[in-house]
Amino acid sequence: MKPLHIISALTAAALSIYSCGEPQLDEKNIDRVIGRLTLEEKVRLLVGTCTDPANPPYPAPGTMTDRPYWQGNGENTYRAANRVQGSAGESFSIKRAGIPSLVYADGPAGLRIDPVRESCPETDFRCTAFPSASLLASTWNTETVHEVGEAIGNEVREFGVDILLAPGMNIKRNPLTGRNFEYYSEDPLLSGEMAAAVVDGIQSQGVGACIKHYAVNNQETYRNGIDAVVSEEALREIYLRGFEIAIRKSSPWTVMSSYNKVNGEYASESSRLLRDILRDEWGYKGFVMTDWWGADDPVAQMKAGNNLLMPGTPQQIEEIIAAVRNGELDEEVLDRNLKDILEVVIKSPSYRKYAYSNAPDKEKHRETARKAAAEGMVLLENRDMLPMSNTARIALFGNYSYDTQVGGSGSGYVHRTGKSNIYDGLENAGFILDSGLKNKYLSHIEKEKSLMPAENFWTIPIAQEMKLDRAAIEKAARENDAAILTLGRMSGEGADRHPGKGDYMLTDQETEMVRSICSAFSAKGKKTLVILNMGDAIDFGGWKEMPDAILMAWLPGQEGGNAAADIITGRKAPSGRLPMTMAASYADIPSSSDFGISPGETNRVLYKENLMVGYRYFTTSGKETAYPFGYGLSYTSFKYSDMICSKDDNGRISISFDVTNTGSAAGRETAQVYVRKPEIYGARPVRELCGFRKTSELAPGETETVRISLSYEDLKQWNTDDGCWAYPEQGYEFHAGASAEDIRLSCSL
Ligand code: BGC
């Protein structure tokens, strides 16, 4: 053999040994790759990279504290060498096996990464702040929500992130839950459909979504230790059902387990939740990660199938390795957990070495945010006030008119590209604002905020409401054509709201403002609009009859002001509908007697209301509400007619009816179908949402036929006798209407 041939043969042999010895990750060789990893390497891949003990002062595992972890070093607490600065975490990479690290970042209203990077000063890393989940759910429009998902997913991909830690989709069990703005609805069908739409949108961009917080994470008080005690029936039909819908419809790459316990067991340590139900019953194929520093037993988490521990601690690594070495934990459990992760890794941008641009089309996304925001605002009252011509002179009152809140605080905060306040939106639309009032408010807010800490994602400073005397209000009523007053509330991660004045209730000062503005303007034959800028309900007792119009603008994202102006001028017809009940009084809400308990008490919250959550309770008990679930006004009216229910040849139930625009303006209706299911295993709610459709924009006189097709699976109920699902084939009543309390047509099967 010639020397050259000998060298080539040796090289080929060496290469083949090398390629045999070092398989590089691809979809065909995941098991082989896992088989070549050392125990330490496997464990590193199952625990996030935030493993520098010198860096993050997080609460020691096992302390079961509700002290938020960010009360350590502030914003940089868990930023251990992240590739994308300001992302929430990263997983480990093993180069010799071709396994890249993945980058994980929040959150539900847009991507949260640091807005500036010292290493890259010329690049603008700010992202688009989209409307909060409360508003998105109020659109009742999966297409709009899909579009928002696409836009967020695009920013995720173009800023080098692999997995977005969103959407949040816990049930809004109680209006005081601090993170309700990040969740969709009190109803599992609406939550599940919204989550599936946003997940599909995000994942259409080649990045992953993470539905969270699985499961029964319905309060922030003592969130790391609280035990949600819930019946199997309510668990399956209410608290898990939305997750089930989203998993089956959209296959999210990842799921985040919640901090809390469910019936005595941490969600992240529950193989019943994570394996039996999620994987075996629902067929889930992605992987599960913990919420940040969730629970305290990494070995139990591994056994339960909580694949990835985020953001990761050295102690978790040590404990898992020790458990394998002493025989407490089978290494096969690690292989199984790792396989689920690697199956996602091979779909990720990092694996594909995607060359991200750091330059998504933010201008286009700003338009998407504005369109969605206008669609989800809910017109609660309108006594001949709206729409309003932009030639009107407006007296604009309330701090929130000038410092409009975009989203809540905490991990769901977005370092946004801009903000349109209500006053910006009105001015952009051509309204002339009372300049004296505007200047007073702007300088009041500036002065107050100069004494407060700068805004960051955990703290959003809000100025004290400015006091206005009667004379100033009367002067404004003389000099302007109409009044607009914005009232707001802020809430966020780590704390629940409180039921008293200043949060759920208006303060005395706010009530007085509503009263004096409305009376001064109405004395002059002029009208007042109240805009609400908040993530969930407030109390309407004693004041909702005073203004001529009330618009729930939610936490509307960075285009909120422009979107509110679109509704006020009629550029967009209001079509938002409430995704939760607004109770007449907090005490009427069934969960109000067992919510938000503090540590030191029992650490248990009893979900005594069982299935009677939100409108299920109010419609069954007949108790009056301030505004019912599904409610919202438009600038026109709709007639429902010709309802037909039938069983088709494929064993599905078809429901159809016509919706006709009977008013004089164009508009979209959200037609809702509620079912009354047969009572086989005990009392049931009289109404449960089983389908909904948003019509296209109907011109006056125009009719659209709404068709809903249901399977018996869609109507299943929990068999409390045998502990399994039941699919009764008869005994259903279907009700079509414009809200849970406005039923127009019925039929039975
Ligand atoms: C939140 C999660 C979030 C995570 C990472 C936790 O505090 O509960 O929703 O994704 O932090 O920021």
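In this numbering scheme, every chain counts its residues from 1 along its sequence in written order. In keeping with the model being predicted, local features are shown solely for residues with a pLDDT of at least 70 and side-chain atom pairs are shown and tallied solely at 80 or more, while totals for entire chains, interfaces and linings include all residues. Computation of side-chain values: all heavy atoms of the structure, hydrogens and water removed.

Draft legend 1. Representation of the site of the ligand. In these notes, residues near a molecule or strand are those with any non-hydrogen atom within 4 Å of it. Neighbouring residues of the ligand: 16 residues in total, closest D106, R179, H213, D291 and E493. N or O atoms within 3.5 Å of each other form a polar contact, as long as, within protein, one can give a hydrogen and the other can take it, and as long as residues adjacent in sequence are counted only when both atoms are side-chain atoms. K212 is positioned such that a nitrogen or oxygen atom in its side chain is 2.9 Å from an oxygen atom of the ligand. Within the complex, 100% of the 310 Å² of free accessible area of the ligand lies under protein. Note on areas: Shrake-Rupley with a 1.4 Å probe; residue coverage comes only from the protein chains shown.

Draft legend 2. Spotlight on the packing of aromatic side chains. Note on aromatic pairs: the rings of Phe, Tyr and Trp (six-membered ring only in Trp) are paired at centre separations within 6.5 Å, and the planes decide the class, stacked below 30 degrees, edge-to-face beyond 60, tilted for the rest. Summed over all chains, the structure comprises 21 aromatic pairs. Here Y402 and Y423 contribute two aromatic rings whose centre-to-centre distance is 5.3 Å and whose plane-to-plane angle is 35°, an arrangement assigned as tilted. Remark: Y423 occurs in helix α15 (residues 422-428) and Y402 occurs in helix α14 (residues 399-402); sequence separation between them is 21 residues. Each member of the pair, Y402 as well as Y423, is classed as buried. Measuring from ring centre to ring centre gives 5.0 Å for Y402 and Y441, while their planes differ by 15°; the resulting arrangement is stacked. Here the residue Y402 occupies a position in helix α14, and Y441 occupies one in helix α16 (residues 435-450), the gap between them amounting to 39 residues. Taken together, W140, Y615, F629, Y674 and F692 form an aromatic cluster joined through their ring pairs. Any Lys NZ or Arg CZ that is within 6 Å of a ring centre and within 35 degrees of that ring's normal is treated as a charge sitting over the ring. Positioned above the aromatic ring of F457, the side-chain terminus of R112 is 4.0 Å from the ring centre. Lying over the aromatic face of Y266, K261 brings its terminal NZ or CZ to 5.1 Å of the ring centre. For the purposes of this entry, the term helix denotes a DSSP run of H or I that reaches at least four residues, the term strand denotes a run of E that reaches at least two, and both are numbered from the N terminus. The cut-offs for exposure are 20% and 50% of the maximum accessible area for each residue type, with area from a 1.4 Å probe on protein chains only; residues under the lower value are buried, those over the upper are exposed, and the others partly exposed.

Draft legend 3. Summary view of a negative patch on the surface. Patch membership is restricted to residues that have no salt bridge and whose relative accessible area is over 30%. Joining uses 9 Å for like charges and 5 Å for the nonpolar side chains Val, Leu, Ile, Met, Phe, Trp and Tyr. Here, a salt bridge means any side-chain nitrogen of Lys or Arg that lies within 4 Å of a carboxyl oxygen of Asp or Glu. Counting rule for charge: Lys and Arg are taken as positive, Asp and Glu as negative, and neither His nor the chain ends is counted. Every charge is mapped onto a representative atom, which is NZ of Lys, CZ of Arg, CG of Asp or CD of Glu. A contiguous patch of negative charge, built from D297, E318, E319 and E328, is present on the exposed surface. With respect to the helices and strands, E328 occurs in the loop between α11 (314-325) and α12 (331-345). The exposure class of E328 is partly exposed, given its relative accessible area of 45%.

Draft legend 4. View of helix α6 (residues 188-203). Helix span, as expected, comes to 1.5 Å for every residue beyond the first. For α6, which comprises 16 residues, the first-to-last C-alpha distance of 22 Å matches the rise-based estimate of 22 Å (1.5 Å per residue) to within 8%. The element α6 is largely enclosed, with a buried count of 15 among its 16 residues.

Draft legend 5. Structural detail: the packing of helix α5 (residues 142-158) against α6. Remark: α5 packs on α6, axes separated minimally by 6 Å, with the N-to-C direction vectors making an angle of 40°. By the angle between their axes, α5 is oblique relative to α6. Our pair here, α5 against α6, has a crossing hand that is right-handed. Residue-level contacts link T142, V145, H146, G149, E150 and G153 of α5 to E193, M194, A197, V198, D200, G201 and I202 of α6. Note on geometry: axes are C-alpha line fits, over the in-contact stretch for helices, and angles between N-to-C directions span 0 to 180 degrees. Orientation is classified from the angle alone, with under 35 degrees giving roughly parallel, over 145 giving roughly antiparallel, 65 to 115 giving roughly perpendicular, and any other angle giving oblique. Whether a crossing is left-handed or right-handed is set by the direction in which the near helix is turned from the far one by less than a right angle, anticlockwise for left-handed and clockwise for right-handed. Between two residues, a contact is recorded if the distance between any of their heavy atoms is within 4.5 Å.

Draft legend 6. Local environment of the pattern of salt bridges. Across all of its chains, the model carries 59 salt bridges by this definition. Residue E493 pairs with R179 through a salt bridge whose shortest N-O separation is 3.5 Å. On the criterion of sequence distance, the pair formed by E493 in the loop between β13 (482-488) and α18 (508-523) and R179 in the loop between β3 (163-164) and α6 is long-range, its members being 314 residues apart. By relative accessible area, E493 is classed as buried at 8%. Because the salt bridges share partners, they merge into one network encompassing D187, E237, R616, K677, R684 and E688.

Draft legend 7. Inspection of the layout of surface pockets at higher detail. Counted as a void, the largest pocket has a volume near 760 Å³. Counting residues per element, the lining of the largest pocket draws most heavily on strand β22 (residues 688-694), at 7 residues. For the lining of the largest pocket, the residue count by class is 13 nonpolar, 5 polar and 17 charged. For the second largest pocket, the calculated volume is near 440 Å³. Classifying every residue of the lining of the second largest pocket gives 5 nonpolar, 10 polar and 7 charged. In this analysis the probe radius is 1.4 Å and the grid spacing 1 Å, with only protein atoms considered; a cavity is a set of points the probe fits into but cannot get out of, a pocket is an open set with protein on both sides within 12 Å along at least five of seven lines, and lining residues have an atom within 4 Å of a point. Grid points are joined across faces, edges and corners, and a volume is the space filled by probe spheres set on the points. Following the grouping adopted for this structure description, the nonpolar residues are Ala, Val, Leu, Ile, Met, Phe, Trp, Tyr, Cys and Pro, the charged ones are Asp, Glu, Lys and Arg, and the polar ones are all others, Gly among them.

Draft legend 8. Layout of the side chain of S656. For S656, the position within the fold is in strand β20 (residues 653-661). If we ignore the near neighbours within four places in the chain, the residues touching S656 are D642, M643, I644, T705, V706 and R707.

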